[in-house]
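Working through the structure, step by step
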Amino acid sequence: MSVLSSNQAVLALASPLVWIGMVSVVAALLLCLGAELQTLRDQGRKQQIRGSWWASAVLLGAGLWWPLQAMAEPGLAAQGWALALPLLGLGLSLATAEMVLEAIRPRRARPLGSRLLMSGAAIVLCTLHGLLVSWGSDLPWLQKLQDFVASALLQTGLLALLLLVRGNSVSARALRGALAWAAVGLPLLALYALNPALLPGGQPLLTVSLALLLAAAVGASFWMGLLHLGDETSSAGPNLDLTRVDPLTGLATRLGLEEALNQAVIACDRDEASLALLMFDLDGFNPVNSSLGHDSGDALLRQVAERLRASLGAQDVVARIGGDEFVVLLRESPSKEGLAAFAKRVLEDLARPYVLDQRELALSASAGIARYPLDGGKSRMLVCADAAKSAAKRLGGACYCFFAPGMDGDTREQLDILRDLRLAIERNELELFYQPKIDARSGQITAAEALLRWHHPSRGMVSPAVFIPVAERFGYMRELGNWVIDDACRQARVWRESGLRMRVAINLSAHQMRQTDIIERIERALETYSVHPSLLTCEITESVVMENTQAIQDTFKRLGDLGVHLSIDDFGTGYSSLSYLRQLPAKELKVDRAFITDIVTSVDARAVVDAVVKLAHALGLRVVAEGVETQGQQAILAGMGCDELQGFLFARPMAAQAILLWATEDKQNTPAFRPSLFGETSYTEKF
């Protein structure tokens, strides 16, 4: 009998503590999940999931609701409140969560007054929920009001801190887990400390505190287990889709923006509404990037991205579509005056000083605004916004312009070029020309660089200086780059079958280096045409190499593992880190032609080239000088120990057939081809 009574006593003691522990664990997990979803959405990874804002608000509201609901007076159920009380309390909690979300991420760069108003509304709503659950208690109303105001201040403040923690690292997620438990447990402890009558089962405050701490330990272990499982799943699954998410800023890419714009236009047409597209461009970013280095430039772009994120509402989208070009999509466009006010506030925000390496830097920005359907159809939105942004630049920058007819004259010309360029591949209008590379010592041809040419049916030969920028601007470099890779490998195979085994060099753009499938694309082309990787040189500009993003590093390493010959192009124009340069699997440096042009007349140019040659040789790299046009330049470069030369002095770019005829039919030509290029292919060079 005594044993039975002692067991009942233990159960009576444990039941309230177990209940409050379970409530705390589940509520904290709900808050964690809601904050996690909101973080992913802010980074652009949930922009294609409709209703992600409301899903986050529901999870957060449920996490706020349950602990207070667990304190509801049981006598209210007997008074007929069994169903109405929980539903009313849930509504108040959802409203509280939404107010906190709106307060920390205001729509349209909402001023500080609006933030404070929403924060106050969240505190009032949370207090009302507390008063509701204590409706039937005997406590004085003033006492209850004081207690629940204090609890509401603590809870909404901790929730705001939870939602302000950014990032997907384990430490960031662990911090969100700790803040989620604090947002549940600390307000409860505050209530119990202020009013011991609320303690469950009349237990001592110390006992309840220990129960909450135990619940926190259980919840933290469970949360970290979920993180570990999620990380393993992520690492086992596909990589982040870099075609839709910019790896540097976490914003949407051009493709992600276009998909969001498609959805927004459909909704506008259905609801007879309007939307706006604003394009922002930093004034003077390139000098900053050059003088401070690419790491500082990347840090600046990330800060700009954060400021743009903070200016948007729940349904809006921000994307990075170029180096320092950002686009904001406002799904619910305000009036022209409202758009002007929004653009002005964002420009003012972007003009605030940035802190880079413990120094302040001030930059302005220019903006162009296009409205749908006022300024045209969906396909013209980016074009119109870009034209308006260019008009703002021409006015001196640090301002915004609305699109107006006549602004897009140059853009229409570029769109015509883009339209024809999209058809050029299937119409067989593209061709690779090849410019030989010459050994500086022997004067013999050792390799050739592939250069893209376009035979337009009405424009004639279109310079790559005309159509390459158009392809980069409108996102067509992937298709052009893939064609160049395939055709260069095809031509290397044709030459080899004709007895000429010569290395071919192609240029890889920044866009291609970020392609998730670029290695597979190159590997597939090499296998298709049975070309050994060592016969393909991939030239990557120094500025792209020094972006030093994870995507660029991974691509560079995988290219080296594949066995292709890697060259750093336009060397000397950027600010390379020597320690980083040593780690790259590159085999050669290509000196920028700007230094070669002045090498005869400029002491500084000779000093730079001489330093580059010595640096490269010290690192075990070959040096190629491009743009050699005079014998004086040739003599100086050969004297410095430059390994290969390329330029009009030796040969202009020519068709592939001309290269072959030169190599096989006229043996007296100067310069001659290196004899080893005509040797038999060794077994190790075959697939």
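Residues numbered from 1 in each chain as written. Predicted model: local features only at pLDDT ≥ 70, side-chain atom pairs only at ≥ 80, totals over all residues. Heavy atoms only, no water.

1. Focus: a nonpolar patch on the surface
A surface patch of nonpolar side chains, amounting to about 340 Å² of accessible area, comprises L142, L145, V149 and L153. For L153, the location among the structural elements is in helix α6 (residues 141-164). (Patch = residues over 30% accessible without salt bridge, like charges linked within 9 Å, V, L, I, M, F, W, Y side chains within 5 Å. Areas by Shrake-Rupley, 256 points an atom, 1.4 Å probe, with all protein chains shown as cover. Salt bridge = Lys/Arg side-chain N within 4 Å of Asp/Glu carboxyl O. Helix = DSSP H or I, 4+ residues; strand = E, 2+ residues; numbered from the N terminus.)

2. Here's the deal with the packing of helix α16 (residues 477-497) against helix α18 (residues 518-528)
α18 packs onto α16 with a crossing angle of 25° between their chain directions and a minimal axis gap of 9 Å. By the angle between their axes, α16 is roughly parallel relative to α18. Considering only the axes of α16 and α18, their crossing is right-handed. Contact residues: N482, I485, D486 and C489 in α16; I518, R521, I522, A525 and L526 in α18. Partitioned by chemical class, the residues of the contact of α16 with α18 number six nonpolar, one polar and two charged. (Axes fitted to C-alpha atoms, helices over the stretch in contact; angles between N-to-C directions. Parallel < 35°, antiparallel > 145°, perpendicular 65-115°, else oblique. Left-handed = near helix turned anticlockwise from the far one by under 90°. Contact = heavy atoms within 4.5 Å. Nonpolar A, V, L, I, M, F, W, Y, C, P; charged D, E, K, R; others polar.)

3. Re unusual backbone geometry
With the exception of glycine, most residues fall at negative phi, and the peptide bonds are largely trans. Going from Y372 to P373, the amide bond is cis rather than trans, its omega being 5°. Summarising the element assignment, P373 is placed in the loop between β6 (364-372) and α13 (381-394). One non-glycine residue, N428, lies in the positive phi region at around 60°. Tracing the backbone shows N428 in the loop between α14 (409-424) and β8 (430-439). The class for N428 is exposed, based on a relative accessible area of 64%. The backbone of S530 sits at a positive phi, close to 50°, despite the residue not being glycine. Tracing the chain through its elements places S530 in the loop between α18 and β12 (536-541). According to the relative accessible area criterion, S530 is partly exposed, its value standing at 24%. (Buried < 20%, exposed > 50% of the residue type's maximum accessible area, 1.4 Å probe, protein only.)

4. Considerations on the pairing of strand β1 (residues 275-283)
Counted residue by residue, β1 has nine buried out of nine residues, so it is predominantly covered. The sheet contact formed by β1 and β6 spans nine bridges and is antiparallel. Its bridge partner lying in β6, A276 is registered against R371. The pairing of β1 with strand β3 (residues 325-330) spans six bridges and is antiparallel. (Pairing = 2+ DSSP bridges.)

5. Let's talk about the pattern of salt bridges
Note on pairing: side chains with opposite charge can pair once their charged atoms come close. As enumerated under the stated definition, the model contains 25 salt bridges in all. In this structure, the salt-bridge partner of D420 is R419, at a minimum N-O distance of 3.2 Å. On the accessibility criterion, D420 (12% relative accessible area) is buried. We classify R419 as partly exposed; its relative accessible area is 47%. Residue K590 is joined to E539 by a salt bridge in which the shortest nitrogen-to-oxygen separation is 3.0 Å. Of this pair, K590 sits in strand β14 (residues 588-591) while E539 is found in strand β12, placing the two residues 51 residues apart along the sequence. Using a relative accessible area of 0% as the deciding quantity, one classes K590 as buried. Each of K437, E449, E539, E588, K590, R593 and E626 takes part in one network of salt bridges that share partners.

6. Thoughts on the packing of aromatic side chains
The geometry of an aromatic ring pair is captured by the separation of the ring centres together with the interplanar angle, meaning the angle of the planes. Counting across every chain of the model gives three aromatic pairs. Measuring from ring centre to ring centre gives 6.2 Å for Y400 and F402, while their planes differ by 85°; the resulting arrangement is edge-to-face. With centroids separated by 5.6 Å and ring planes inclined at 85°, the aromatic side chains of W454 and F467 adopt a geometry described as edge-to-face. Residue W454 is found in strand β9 (residues 445-456), and its partner F467 is found in helix α15 (residues 464-473); the two are separated by 13 residues along the sequence. Here the two residues W454 and F467 agree in accessibility, since each one is buried. One Lys or Arg, R307, reaches over the ring of Y354 and ends 3.8 Å from the middle of that ring. Residue placement shows K336 over the ring face of F402; its charged tip is 5.0 Å from the ring centre. (Phe/Tyr/Trp six-rings, centres within 6.5 Å; stacked < 30°, edge-to-face > 60°. Lys NZ or Arg CZ within 6 Å of the ring centre and 35° of its normal.)

7. With respect to the sheet that holds β1
For sheets, the rule is that strands pair by backbone hydrogen bonds, running either parallel or antiparallel. An order of β2-β3-β1-β6-β7 is seen for the five strands of this open sheet, with the pairing classed as mixed. This sheet does not close on itself; its edge strands, each paired only once, are β2 (317-320) and β7 (400-402). The average angle at which neighbouring strand axes cross in this sheet is 20°, direction not considered. Here four bridges tie β2 to β3, and the two strands are oriented antiparallel to one another. The residue of β3 that forms the bridge with A319 is V327. Packing against the sheet, helix α9 (residues 254-271) makes contact with β1, β2, β3 and β6, and its axis sits at approximately 20° to β3. Together, β1, β3, β6 and β7 form the strand contacts of helix α12 (residues 336-350), whose direction differs from that of β6 by roughly 155°.

8. Brief notes about the nonpolar core
Counting residues in hydrophobic clusters, the biggest one holds 84 residues, and the most contacted among them are I522 and C538. A per-element tally of this core places α16 first, with nine residues. By size, the runner-up hydrophobic cluster in this structure holds 33 residues, among which are V288, A305, L312 and L350. (Core = buried A, V, L, I, M, F, W, Y, C linked by side-chain atoms within 4.5 Å.)

9. A look at the packing of helix α11 (residues 294-310) against α12
Axis separation between α11 and α12 bottoms out at 10 Å; the angle between their running directions is 150°. Between α11 and α12, the angle falls in the class roughly antiparallel. Both α11 and α12 take part in a crossing whose hand is right-handed. Counting all contacts with α11, which are made through V304, R307 and L308, the residues of α12 involved are V346, D349 and L350. For the contact of α11 with α12, the class distribution of residues is four nonpolar, no polar and two charged.

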